[in-house]
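Notes for the structure review
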Amino acid sequence: MADLLPVTVITGFLGSGKTTLLKRILQGGHGYRIAVIENEFAAEGIDQAVLMRQGAERIVELNNGCICCSVHGDLVRALVALAEQRASGALAFDHVLIETTGMAAPGPVAQTFFLDADVARHYLLDAVLTVVDARHADAQLDRHPEAQEQIGFADRILLSKTDLVGKTELAALRRRLAEINCRAPILKARFGNVPIGDIMDIRGFNLNAVLEWTADAPVGDARRHGDGVASFVYQNARPMNVALIEAFLDSVVQVFSAQMLRYKGILHVAGSPCRAVFQGVHMLMGCELGAPWGELEYRETRMVFIGRDLPQAMLRAGLDRCVQGDDAAVLAAART
Ligand SMILES: Nc1nc2c(ncn2[C@@H]2O[C@H](COP(=O)(O)OP(=O)(O)OP(=O)(O)O)[C@@H](O)[C@H]2O)c(=O)[nH]1
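These remarks concern the structure in this document. Throughout, a residue's number is its position along its own chain's written sequence, starting from 1. Local features are withheld for residues below a pLDDT of 70 in this predicted model, meaning they are given only at 70 or higher, and side-chain atom pairs are given and counted only at 80 or more; totals for whole chains, interfaces and linings count all residues. Values reported for side chains reflect all heavy atoms of the structure, with hydrogen atoms and water molecules removed beforehand.

1. Points about the nonpolar core
Our working definition: We define the nonpolar core as a collection of buried residues of types Ala, Val, Leu, Ile, Met, Phe, Trp, Tyr and Cys that are connected through side-chain atoms lying within 4.5 Å of one another. The cut-offs for exposure are 20% and 50% of the maximum accessible area for each residue type, with area from a 1.4 Å probe on protein chains only; residues under the lower value are buried, those over the upper are exposed, and the others partly exposed. Secondary structure counts use DSSP, requiring at least four H or I residues in a row for a helix and at least two E residues in a row for a strand, with both numbered from the N terminus. Domain ranges listed in this record stem from an automatic or a database domain assignment.
By size, the foremost hydrophobic cluster in this structure holds 57 residues, and its most contacted members are I37, V96, I98, Y123 and L177. Ranked by residue count, the leading element in this core is helix α3 (residues 72-88), at 7 residues. For this core, the domains that each give at least three residues are domain 1 (5-198) and domain 2 (229-335). Core analysis: the second largest hydrophobic core is formed by 22 residues, M240, V252, L267 and L315 among them.

In structure tokens, the structure reads:
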């Protein structure tokens, strides 16, 4: 585990400022040695020489399609080849940045790090960073489900072009983004300018990552601007039965996994001195023991669900039935 190489995925709609952010990170002076995988639709690609001059250890371009679909195999091969070159001493890097196309769905890219054994042997998905064009995001979100999913998937939302909008417009956009994804901090990134510590080594997919949501977020309510992708928080102070939760969520993902972008939780498990922590990406779910509760700490289960047209009422009702002592009810619910 300690030897796994962290990978940061930079996503965001067309023209949002992904390459600008990438260049800014490469210029860094932060000590990271970075290999870059660039995915462009067309063969025009980016200026490799410029990025190399700016400090990239290696640039791999995947230009014949989108890594979430048509060139997914190329992504796997590129990652494995980079790891081999590093192992042989031909390359020296300690972090990989992947820039997706503006239309990419981050889900399949993220799943690669859990599902592909060759990739999982070498790499750890650190975080998905989603760049959002503050000037054009509203229109993009209205028209493009891809833009909503990119935000739903984010561990950090980075606002570019804040110099082009007023305070009121920016505040409204922040609220909309927080409704789509109440878990990801929203940071300003004018021309890619964001503190490196806020975006690298976040461990957003780590089971033990701190569970937090933004202050703007409507906790427990997925009010919408008509966005299909939204998030909600589930909280319950009664001790839960973890086996029932697993059985319930297993049954839910059988039907809704395509809609469930990311979900994450800390569970207050009956009789356990420790938190249980779990998270999922579409159909992939993991759960393990977390840190012990403090003696006087308030114990409660908190879960965040982010997805498209989530069956919120059903999820809430099902989870309510997973409290300790309600086995028969929830197993019946899981079967229906
Ligand atoms: N005013 C302003 N312009 C920005 C900012 N960030 C990026 N831009 C500009 O936005 C344009 C698009 O930026 P890119 O970094 O190429 O965007 P991208 O997401 O990589 O674009 P695609 O790969 O085509 O999807 C460029 O002209 C940038 O200079 C910002 O914070 N403010």
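Text resumes after the structure shown.
2. Observations regarding empty space enclosed by the protein
One simple way to see leftover space: roll a probe sized like a water molecule over the atoms. Which entries qualify depends on this criterion: Here a cavity means grid points, on a 1 Å grid over the protein atoms only, where a 1.4 Å probe fits yet cannot get out; a pocket means an open set of points with protein on both sides within 12 Å along at least five of seven lines; lining residues are those with an atom within 4 Å of a point. Grid points are joined across faces, edges and corners, and a volume is the space filled by probe spheres set on the points. Gly is put with the polar residues, along with every residue not named as nonpolar or charged; the nonpolar set is Ala, Val, Leu, Ile, Met, Phe, Trp, Tyr, Cys and Pro, and the charged set is Asp, Glu, Lys and Arg.
For the structure on display, the rule yields 2 cavities of 30 Å³ or more. One number sums up the size of the largest cavity: a volume of about 60 Å³. If you go around the largest cavity, the residues you meet are F13, S16, T130, V131, V132, D133, A137, Q140, L141, A147, Q150 and I151. Taken together, the elements giving at least two residues each to the lining of the largest cavity come down to β5 (123-133), α6 (137-143) and α7 (145-152). In terms of residues, the lining of the largest cavity owes the most to one element, β5, which gives 4 residues. Partitioning the lining of the largest cavity into residue classes produces 7 nonpolar, 4 polar and 1 charged.

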